[in-house]
Amino acid sequence: GNGANMEVIHNLVDYRDDIQRNVEYINDDDGKTIVHTTTTSKNPEVSEWIQTHVAQMRTLVENGGRIRKWDPLFREIFEHHDEI
């Protein structure tokens, strides 16, 4: 539920210094830019939280759920999830 999601998110924020994020921009054949991101951690516990968070968000999106409805960025992400 939301409590479990929030716990993982708070853990990730608390341990943000243990998280590495790589962003790669790739141009496809149609001239569109594809953004490929990788989020990792050498800390096994943080790595597990990252994987849990991804699974939780995937489930939320696939089931039509929403978070931060007041935030235009999140609103657009959830509205256009099938294009991401």
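This text follows the structure it describes.
For the structure given in this document, a descriptive report is provided here. (Residues numbered from 1 in each chain as written. Predicted model: local features only at pLDDT ≥ 70, side-chain atom pairs only at ≥ 80, totals over all residues. Heavy atoms only, no water.)

## Focus on a nonpolar patch on the surface
Reasoning step 1: Residues Val-23, Tyr-25 and Val-35 make up a contiguous nonpolar surface patch of roughly 310 Å² in combined accessible area.
Reasoning step 2: A relative accessible area of 48% places Val-35 in the partly exposed class. (Patch = residues over 30% accessible without salt bridge, like charges linked within 9 Å, V, L, I, M, F, W, Y side chains within 5 Å. Areas by Shrake-Rupley, 256 points an atom, 1.4 Å probe, with all protein chains shown as cover. Salt bridge = Lys/Arg side-chain N within 4 Å of Asp/Glu carboxyl O. Buried < 20%, exposed > 50% of the residue type's maximum accessible area, 1.4 Å probe, protein only.)

## Observations regarding helix α2 (residues 44-62)
Reasoning step 1: Given a rise of 1.5 Å per residue, 19 residues ought to cover 27 Å, and the 27 Å separating the end C-alpha atoms of α2 matches this to within 8%.
Reasoning step 2: Every buried residue belonging to α2 is among Val-46, Trp-49, Ile-50, Gln-56, Met-57, Leu-60 and Val-61, and all of these are buried. Down the axis of α2, the buried side of the element spans an arc of 135 degrees, and every buried residue falls inside it. Exposed positions of α2 whose direction lies more than 90 degrees from the buried face are Pro-44, Glu-48, Gln-51, Arg-58 and Glu-62.
Reasoning step 3: Measuring from the backbone nitrogen of Glu-45 back to the side-chain oxygen at the start of α2 gives 2.9 Å, which picks out Asn-43 as the cap. (Helix = DSSP H or I, 4+ residues; strand = E, 2+ residues; numbered from the N terminus. Expected span 1.5 Å × (residues − 1). Arc of directions from axis to C-beta. Polar contact = N/O pair within 3.5 Å; in protein donor to acceptor, adjacent residues only side chain to side chain.)

## Quick notes on the pairing of strand β1 (residues 20-27)
Reasoning step 1: Pairing of β1 with strand β2 (residues 33-40) involves 8 bridges; the strand directions are antiparallel. Each residue of the ladder has a partner; that of Val-23, found in β2, is Thr-37.
Reasoning step 2: Here β1 folds back onto β2 in antiparallel fashion, the turn holding 5 residues, of which Gly-31 has a positive phi close to 85 degrees. (Pairing = 2+ DSSP bridges.)

## Here we look at the nonpolar core
A general tendency of soluble globular proteins is for nonpolar side chains to be buried together.
Reasoning step 1: The biggest cluster of nonpolar side chains holds 5 residues, and these are Val-8, Leu-12, Val-46, Trp-49 and Ile-50.
Reasoning step 2: Among the secondary structure elements, those contributing two or more residues to this core are α1 (2-14) and α2.
Reasoning step 3: For this core, the element with the highest residue contribution is α2, accounting for 3 residues.
Reasoning step 4: The contact partners of Trp-49, leaving out residues within four places of it in the chain, are Val-8, Asn-11, Leu-12 and Tyr-15. (Core = buried A, V, L, I, M, F, W, Y, C linked by side-chain atoms within 4.5 Å. Contact = heavy atoms within 4.5 Å.)

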